[in-house]
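Secondary and tertiary structure notes
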Amino acid sequence: MSSATKERLRPGGRSARVQESVHAAVRALMAEHGRAALTVPLIATHAGVTPSTIYRRWGDLPELLADVAVERLRPESAPISTGDLRTDLQLWIDQFVDEMSSGPGRTMVRDVLAGGGDGPNTCCSYTQDQLEIILEHAARRGDVHPAIDAVMDEIISPIMYRIVFRGETLRAAYVHGLIAACLARVAP
């Protein structure tokens, strides 16, 4: 794990204040000037830190933008449990598709990819964490369910491929078909 990644993971204190200040500066400057105008010195001035603080902590502008994007993707709450795995997956994945398909969602994904997206707080890890909660609910109910890798490979990967690389707007029927096919493979 890089020192920049370790630094971002430290909870509380000055580190948390710097991260929040820099993230807030990025969000405000993007809203005011657009992303093309962003520079590390401009962000540093707006955040009240030195450019070297940003370079030391994030390495470069793409990595900083990726960190801000991933922070936006961090779930605010655990997925709900309706008592039915298919419904739980459909509700969560429909919301996921809406967010990832939106203009800001596509921009976030590009930022994460440009920033390397290989740290422990990537959008992929948040996605997997949320889906694992859904599968844990199913397991507690005694429902037969696919492994997390199957959900990621058979549902999330095709969705992201079509959104990111083909620029498609996905229909619910396509997404629900992926879910049905994945669940059918583990059905008794």
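Going by the structure above, here's the rest.
Predicted model, so just to flag it, every value in this text is computed and none were measured. (Residues numbered from 1 in each chain as written. Predicted model: local features only at pLDDT ≥ 70, side-chain atom pairs only at ≥ 80, totals over all residues. Heavy atoms only, no water.)

**Digging into the packing of helix α6 (residues 85-101) against helix α9 (residues 148-165)**
Keep this limit in mind: Only the contacting stretch of a helix is used when fitting its axis, a line to C-alpha atoms as for every element, and angles between N-to-C directions run 0 to 180 degrees. We count a stretch as a helix when DSSP gives it H or I for four or more residues in a row; a strand needs E for two or more, and each element gets its number in order from the N terminus. In this scheme, roughly parallel covers angles under 35 degrees and roughly antiparallel covers those over 145, while 65 to 115 is roughly perpendicular and the rest are oblique. Here is the rule for handedness: rotate from the far helix to the near one, and if that takes an anticlockwise turn smaller than a right angle the crossing is left-handed, while a clockwise turn gives right-handed. Throughout, a residue-residue contact means that at least one pair of heavy atoms, one from each residue, lies within 4.5 Å.
Look at α6 against α9: their axes get within 11 Å of each other, and the N-to-C directions meet at 20°. Taken together, the axes of α6 and α9 lie roughly parallel to each other. Considering the relative orientation of α6 and α9, their crossing is right-handed. Residues Trp92, Ile93, Phe96, Val97, Met100 and Ser101 of α6 pack against Ile155, Ile156, Ile159, Met160 and Ile163 of α9.

**Structural notes on the pattern of salt bridges**
Here is the rule we go by: The rule for a salt bridge is simple: a side-chain nitrogen of Lys or Arg has to be within 4 Å of a carboxyl oxygen of Asp or Glu. Throughout, exposure labels follow a simple rule: accessible area from a 1.4 Å probe, protein chains only, divided by the maximum for the residue type, with under 20% read as buried, over 50% as exposed, and the rest as partly exposed.
Tallying each qualifying case throughout the model produces seven salt bridges. Of the charged contacts in the structure, one is a salt bridge between glutamate 20 and arginine 27, with a shortest N-O distance of 3.1 Å. By relative accessible area, which is 44% here, glutamate 20 ends up partly exposed. Notably, a salt bridge pairs arginine 140 with glutamate 136, separated by 4.0 Å at the nearest N-O pair. One end of the pair, arginine 140, and the other, glutamate 136, are both in helix α8 (residues 123-141), four residues apart, so they sit about a helical turn from each other.

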